Amino acid sequence: MNLTKTVCPYCGVGCGVLAGADGTIKGDPEHPANFGRLCSKGAALGETIDLEGRLLTPKVNGKDADWDETLDLIAEQFNTAIREHGPDSVAFYLSGQILTEDYYVANKLMKGFIGSANVDTNSRLCMASSVVGHKRAFGTDTVPGTYEDLEQADLIVLVGSNLAWCHPVLHHRIAAAKAERPNMRIVNIDPRKTATTDLADIHLRIAKDGDVALFNGLLAHLADTGALNNDYIRDHVEGGLPAITQARLDDPSESGLTPQELSDFYQLWTSTQKVVTVYSQGVNQSESGSDKVNAILNCHLATGRIGTPGCGPFSVTGQPNAMGGREVGGLANMLANHLDIENPDHRDCVQNFWNSPTMSTQAGLKAVDMFQACADGKIKALWVISTNPAVSLPDADGVAEAIKKVPFVVVSDIMARTDTGDLADVLLPATGWGEKDGTVTNSERRISRQRAFLPVPGQARPDWEIICDVGVRMGWKDAFTFASPAEVFAEYVALSSASADFGRDLDLSIFADADYANLIPTQWPKDGKRFFADGGFYHPDGKARMLPVCAPTPCEGDGFILNTGRNRDQWHTMTRTGKAPRLGAHLAEPYVEIHPVDAAKLDITAGDLIELSNPKGTSVLRALITDRTTERQLFAPMHWTRQQSSKAWVNNLASSVVDPFSGQPASKNINVTARRYGASWYGYAAGLNPISPDCTYGAISRTLTGWQGEFAGLDAPENWEALARDLMDIGQGDVSEVRDNTGQQTRLAFHDGDQVIGLFFISPKPVSLSRSHAVSLIGTETPPLLALAGQSGADQPDPGATICACLNVGVNTLRQAIADGANSVDALGDATSAGTNCGSCKPELARLLADFQLPMAAE
Ligand SMILES: Nc1nc2c(c(=O)[nH]1)N[C@H]1C(S)=C(S)[C@@H](COP(=O)(O)OP(=O)(O)OC[C@H]3O[C@@H](n4cnc5c(=O)[nH]c(N)nc54)[C@H](O)[C@@H]3O)O[C@H]1N2
Ligand SMILES: Nc1nc2c(c(=O)[nH]1)N[C@H]1C(S)=C(S)[C@@H](COP(=O)(O)OP(=O)(O)OC[C@H]3O[C@@H](n4cnc5c(=O)[nH]c(N)nc54)[C@H](O)[C@@H]3O)O[C@H]1N2
Ligand code: SF4
Ligand SMILES: [Mo]
C-alpha cells in the first residue's frame, strides 16, 4: 500500500509517521526522532481521523454559510473595528498546533499590516518562561539540545517533566540508553511520583516551586567546591559573580528536601561532566518560571556544560509546532524570525522585506491580558485559531464570559463543538492533520513535513489559506497571495537570512533551495552543528549571561494546593484523542489524586467524589486515593471540558497569576479547599447514542460500542427512567427495570426490538460493576434480565482499567498474570501481550510489578 511520510500531530517529540488513507498508521523507521516507534496516542491516530463531530462548513451565528460571504464578513468586521477603535482593538489567539506556514502569515498580517502586536498563542501557557530564560541567558531563544544528547548523557535531571506520559518516545529512548549503559543516572524532580519517577535512580520530591532554591543551592555548591569552569566563564559568560552571590543568599532547604538529599544530588551533579537537565511545565508554569529556567541555565553556564555531546539544558517543547511558532515570532513580544520587536533596525528590516504599510512598534497583549482586555470591552474583534482558551486558560469560566463580551468572535477549528467554538459568531472549518500540508519544528529544532494523505472533507480549508484570504480581503492582495504552503515557507526562509545578517541564531539558509515536496526531516542551522560549544552567544558582546535569581518565599496556606497536568492517553481538551475508545479506557473519568491521610481526614473512600472549590469556582472529580501525591497536594488532569463533563474543567479554579516576566500562568499551583461531595445517588450508563454529561455530576466518554457516562446527584430524581432517557437520548425503546431487595439499587435496560441500546445502573453508593462488561452488551441481543443480572457483570471477568491501550489489556488481567508468575515487564508481555506494541505502558507495567507485594486495600 501507498503510505505517506508525515509527522505526528501531538507532542513536541515530533515522531515520523507513515500513514494511509485507510487508517494505517506506522512509525517511520527513517525519522530521526523516533526511528519507527510511536506512543499510544500516535499509534491510535487512525481512530481519530473519521469525520464524526467535524466542522465541515463555515457557520455564521450557528447557520451554514458560504465561504466568500463569510470571509468578506470577517474582513469587514476587522477593518471596521480597526477604523473605529484602532489596530489594538483586534486580536488573534493562535496555537503551537498550527503549522509554520499558518503561523507565519497570521503573524505577518497582524504585526506588519494591521499594525498591532496583539497576536499571542497558547505557547504563552506552555513555553513563554523558557523563551524568557533563553533570551536573558543567551540573547536569543535558542534551544541548544538534541535527542542524541539524552542518549549520551551520564546524568539526566528531569525537572517538572512527566516525560513517560508526555514525551513517551523520548522517554523510551532514554530508557533504552540506560538499559545499555546501566551507569547512566536519572534524577526526577517533581512533587509527585509519576510514571517517569519509575525510571529514576533518585526522586527528589521538591516542595512547590522549590526549584530556584534547589538550583541556587547547586550553584553555590559548585562555587564552594571549586567545580566552576573558570575558563569557560572568563571567555563566554558575564554575570557569574552576582549570580553566585545571590545564589548563596538562598536557603536550599526551602526546596523542601533534606540535607542528605541535597548533598547527594549536588555531589552527583558536580562529579558528572555529561549532564542534561530536561525541564518542562513544572518549571515553566509557575510564578517563578522564568527564574527557574535561569537558575538551571546558570549551573550549566558556570560549568561550561553546554553545547557539547551529552551536555546541556534542554527545555522540551509540548506541542508539535511550539518550536516553529517561536521561530516565526508568533508571541506578542517577538517580531518575526527571532527578531526583536523593540529593535528599530529589526523592525525596518522586516517592514522592508514585507513591504508593509505599518509595523507594530511595541509588544502586544499576552494571552491572559488579551482575555482581560476582552472582558474590559477593549477588544472588538477576536480570531481564535486551533486552541480552546475557554478550557485551557486560567479562570476558564471568566475567559468564557470575556469571549462573550467581544462583539465579533471568529473560531477556526476542525471540530463543530468545542467550548470555545460554542461562543463564536463565526466558525471556520479548518483542514486537520492528514488533510493539509506544511512544516513543523520539534524539540530538537528539526523541521519535518506534515503531508496530506486524506481527501479534504466538506468545505474545510487549510488555516494558512483562510488567513491569507482574509488578508487579501482586508486590502493587502500582494502580501497575501500565495499559491501554496511551499511559497509561504520560501518567504519565511528568505526572511531568516535577514535575521542571520543581524547575527541572530535563526538561520534557515540550508532550506533555501529545498525541495519542499520531498523535504526530509532536517535540523537547523545545519545537521550536526552545535550551538554554544565555543561560546558564540547572541548578546551584543557574544557572551552569555548568568542571572542573579532569588527563590520565592514559600507560601504556607492551610488549604490544599491543586497541581494540574496530563494523562498518558489524552491530548489537552480531548477533541481528537477523546474519539478513540481505547485511549479513553486508560483513565476514563476526571479524577483528583489525593493522599490517603487527607482522604481519611475528609472521610473520603475509594470511588467517592470530591468537590474542590475556591472563590473562582467549583469542580467535582472522582477521588483517586494514592501516595503518588503528598499530603495537602492534589493533582488533577487538565483534559475535561464542558463537552464531556458537568463540573470537571479544572481551570475554572485557576486564578490568573502569571510569571511577571513571561506572562505564563502558574497552572500548577491552585489554592483550593476540598470536601467529600455528598451525593445521595450514583449512576453509570452505557449506551449506543451519545450520552449527555448534563447532570448534577456527569462525565462521559467514548466506548467501543458507543458511549458511557458516570453520574451522581445530591437529590434523587422523581423518575429514574425519565432521567435515563434524557441523558442517554433514548426517546423510543422498551424499558425493563430491576430493583434489589432493599429497593435502593435500580437498574434499567433499554431495548430497541431485541437489541440492547442502553443500560443505566443507580445506587446509593458509587456504582460497582464491570464497566467493560456493560459496554460489551450494548448493541447485542441480550435479553433484559440477563443484561441487568449480577452486581459486577455476573460471572464475567473484569479486565479492569486499560493499561495497554494498543492491545487493550486491563489492570486485572495483568494482576492475574503477575499472580500466575510473570515477574518482569517482558514476562508480562509474553503472558498478556501488554507493552509489546508501542511500549508506552511499560512504566506502568513496571509499577504494577513493583506494587504487587503491597496490600491492595485502596484499590
Ligand atoms: N499525553 C499527553 N502528552 C502531552 C500533552 C498532552 O496533553 N497529553 N501535551 C503536550 C504539551 S502541550 C506539553 S506543554 C507537555 C507537558 O509535559 P510535562 O510538563 O511533562 O507535563 P505536565 O503533566 O503538565 O507537568 C509535569 C510535571 O510537573 C510537576 N510539577 C508541578 N509543580 C512543580 C514544581 O513546582 N516543581 C517541579 N519540579 N515540578 C512540578 C507535576 O507534578 C507534573 O508531574 O506535554 C506534551 N505531551
Ligand atoms: N490547568 C492547566 N491548564 C493548562 C495546562 C496545564 O498543564 N494545566 N497546560 C497548558 C498548555 S502547556 C497548553 S499547550 C494548553 C493547550 O490547550 P489548548 O490549545 O486550548 O488545547 P487543545 O485541545 O490542544 O486545543 C486545540 C484545538 O485546535 C483544534 N484543532 C486541531 N487541529 C486543528 C487544525 O489543524 N486547525 C485548526 N484551526 N484547529 C485545529 C482542536 O480541535 C482543538 O479544539 O493548555 C494549557 N492549559
Ligand atoms: S511521542 Fe507519541 S505523541 Fe509524541 S510525537 Fe511521538 S507518537 Fe506523537
Ligand atoms: Mo503545552
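Residues numbered from 1 in each chain as written. Chains lettered and ligands numbered in written order. Predicted model: local features only at pLDDT ≥ 70, side-chain atom pairs only at ≥ 80, totals over all residues. Heavy atoms only, no water.

Per an unreviewed UniProt entry, the protein is named Nitrate reductase, and its organism is Octadecabacter temperatus. Quoted verbatim from the Sequence similarities (unreviewed entry) field of the UniProt record, the comment on the protein reads "Belongs to the prokaryotic molybdopterin-containing oxidoreductase family. NasA/NapA/NarB subfamily." (UniProt positions renumbered as here; feature names shortened; annotations may be inferred.)

**Q** Just checking my understanding: could you explain the sheet that holds strand S18 (residues 446-450) for this structure?
**A** Pairing between the strands of a sheet is mediated by backbone hydrogen bonds and can be parallel or antiparallel. Ordered in space as S17-S18-S19, the 3 strands form an open sheet in which the pairing is antiparallel. Each of the sheet's edge strands pairs with one partner strand only, and the pair in question is strand S17 (438-441) and strand S19 (522-523). Bridge count between S17 and S18: 4 bridges; the pairing is antiparallel. Directly across from Val440, in S18, lies its bridge partner Ser448. (Pairing = 2+ DSSP bridges. Helix = DSSP H or I, 4+ residues; strand = E, 2+ residues; numbered from the N terminus.)

**Q** Would you explain the site of ligand 3 in this entry?
**A** Inspection of the region around ligand 3 gives Cys8, Tyr10, Cys11, Gly14, Cys15, Leu38, Cys39, Lys41, Gly42, Pro168 and Val169 as its neighbouring residues. For the shell around ligand 3, the secondary-structure elements that each account for two or more residues are helix H1 (40-43) and helix H7 (168-180). Here the shell around ligand 3 is composed, by residue class, of 8 nonpolar, 2 polar and 1 charged. (Near = heavy atom within 4 Å. Nonpolar A, V, L, I, M, F, W, Y, C, P; charged D, E, K, R; others polar.)

**Q** Quick question: what am I supposed to make of helix H2 (residues 67-85) here?
**A** Between the first and last C-alpha of H2 there are 27 Å, a value that for 19 residues agrees with the 27 Å anticipated at 1.5 Å per step. Along H2, the residues classified as buried are Trp67, Thr70, Leu71, Ile74, Ala75, Phe78, Ala81 and Ile82. Taken down its axis, H2 places every buried residue within 135 degrees of arc, on the same side. Residues of H2 that are exposed and point over 90 degrees away from its buried face: Glu69, Arg83 and Glu84. One side-chain oxygen at the N-terminal end of H2 lies 3.1 Å from the backbone nitrogen of Asp68; it belongs to Asp66. (Expected span 1.5 Å × (residues − 1). Buried < 20%, exposed > 50% of the residue type's maximum accessible area, 1.4 Å probe, protein only. Arc of directions from axis to C-beta. Polar contact = N/O pair within 3.5 Å; in protein donor to acceptor, adjacent residues only side chain to side chain.)

**Q** Would you mind going over the pattern of salt bridges with me for this structure?
**A** Taken as a whole and judged by the stated rule, the model has 48 salt bridges. For the salt bridge of Asp198 with Arg628, the shortest nitrogen-to-oxygen distance reads 3.4 Å. Linking Asp198 in the loop between strand S9 (185-189) and strand S10 (202-204) with Arg628 in the loop between strand S24 (617-625) and strand S25 (633-637), this pair joins segments that are 430 residues apart in sequence. Since its relative accessible area comes to 35%, Asp198 is described here as partly exposed. (Salt bridge = Lys/Arg side-chain N within 4 Å of Asp/Glu carboxyl O.)

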